[in-house]
Amino acid sequence: MRADRLVAGLLVLQARGRVTAAQLAAELEVSVATARRDLEALSAAGIPVYPQPGRGGGWSLVGGARTDLTGLTEAEAAALFLLLGPAAQGGPAARTALRKLVRALPGPFREGARAAAEAVVVDGAGWGGSDHSRPPVVELLQQALVRRRRLRLGYPGRDGVTAVRVVDPWGLDAKGDVWYLLAGTPRGRRTFRADRVVSAELTDEPAQRPAELELAAVWEEVVAEMEGRRSAVAAAVLVPARLVPVLQALFGRHCTVGEEQTDGRVALRVAAHTARSVAEQLAGLGGAVEVVEPVEVRTELTRIGAELVARHSR
């Protein structure tokens, strides 16, 4: 989803008042499906764009037709730039365009829009595993980032006990479908997984954010640290070619596809944080997967098999 196309679509709506997806597609030289997705994205982000079904219907921008960005309210401007910020991460030209759009806003809205544009990083490469829905707390975290206010978070520690702490929000990252808050704490940078937040409260204290912070670069450091912990144990496996996509979905970037063998099977390298974790993800494939090495993963698979026999042979 391109930032320039979203803004272009918004400007078309402001100029015309109402358009159909087909009309917008023709104007922007994209497919009707793409135009419809862009309109839905604007609406979902909080921009007052609404569909009107029936004869003579289409999509309308509530508030009248305008030809610049000054018709947006402060909340709508923040919502738009929360959407555009990640879309403009593609390169210098997109970031320059985003800065120009910020300057096109009324003066009182610019700081909030700038904060919104810097608030979110989208990392499309997921961890692998099952899908997750967006936690409701993400909206409050976005508000804290846009308003640059500290958060009072209730979050479980490694011992499972929930502790309440006040943090300085730096940014949000959507890694696949899992959301994380990057924040400053008295002990330095911390990463909080949004779906594990027990409670969150916006305070009136201004948040402190490093002046030269590059959110995307910080997130790359976080991912490198997490990946190191998540890939401590690797296994060489052989599977039928039809199961390669299954393993790629299960292990995400921790699945490396190798060469096809003479018997038609494919060699892969998969990894997780423990031998047990590797075995648990492979066990569901039954006898279709062969673990070549290490012996620790083979042992865990044997143990899982024995546990299943013991449980279901009664």
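Because the structure is predicted, anything quoted here is derived from the model rather than measured.

Enquirer: Sorry, what's going on with the pairing of strand E11 (residues 255-260) here?
Expert: Across a regular strand the side chains alternate sides, sitting on one face of the sheet and then on the other. The pairing of E11 with strand E12 (residues 265-272) spans four bridges and is classified as antiparallel. Residue pairing for E12: Glu260 is matched across the bridge by Val266.

Enquirer: Which parts of the structure should I look at to understand the packing of aromatic side chains?
Expert: Each aromatic ring pair is characterised by the separation of its centres together with the angle its planes make. Applying the stated criterion to the full structure yields one aromatic pair. On the numbers, 5.0 Å between centres and 85° between planes, the contact of Tyr155 with Phe192 is edge-to-face. Linking Tyr155 in strand E5 (residues 149-156) with Phe192 in strand E8 (residues 188-193), this pair joins segments that are 37 residues apart in sequence. In terms of burial, Tyr155 and Phe192 fall into one category: buried.

Enquirer: Even after reading the chapter, I still don't get the nonpolar core, so can you show me in this structure?
Expert: Generally speaking, soluble globular proteins have nonpolar side chains that are buried together. If you look at the biggest cluster of nonpolar residues, it comprises 21 residues, and the most contacted ones within it are Val237, Leu247, Leu268, Leu282 and Val297. Those elements that provide at least two residues to this core are strand E10 (233-240), helix H9 (244-251), E12, helix H10 (275-283) and helix H11 (295-312). Every residue in contact with Leu282, bar those within four places of it in the chain, is listed here: Val237, Leu247, Phe251, Val289, Val291, Val297 and Leu301. Among the nonpolar cores identified, the runner-up in size contains 17 residues, and Val137, Leu141, Phe192 and Ala194 belong to it.

Enquirer: Whenever I open this one, the confidence of the model for the protein confuses me. Can you help?
Expert: Parts of the prediction with low pLDDT should not have their coordinates interpreted in detail. Looking at the protein as a whole, the pLDDT averages 78, with 73% of positions reaching at least 70. At the level of individual helices and strands, the protein shows its lowest average pLDDT in strand E4 (residues 120-123), which scores 53, and its highest in strand E13 (residues 290-293), which scores 95. With pLDDT under 50 throughout, residues 64-68 is counted as low confidence; its partners more than four residues away or in other chains account for 13 contacts.

Rules and cut-offs
- Residues numbered from 1 in each chain as written.
- Predicted model: local features only at pLDDT ≥ 70, side-chain atom pairs only at ≥ 80, totals over all residues.
- Heavy atoms only, no water.
- Pairing = 2+ DSSP bridges.
- Helix = DSSP H or I, 4+ residues; strand = E, 2+ residues; numbered from the N terminus.
- Phe/Tyr/Trp six-rings, centres within 6.5 Å; stacked < 30°, edge-to-face > 60°.
- Buried < 20%, exposed > 50% of the residue type's maximum accessible area, 1.4 Å probe, protein only.
- Core = buried A, V, L, I, M, F, W, Y, C linked by side-chain atoms within 4.5 Å.
- Contact = heavy atoms within 4.5 Å.
- pLDDT = per-residue confidence, 0-100.

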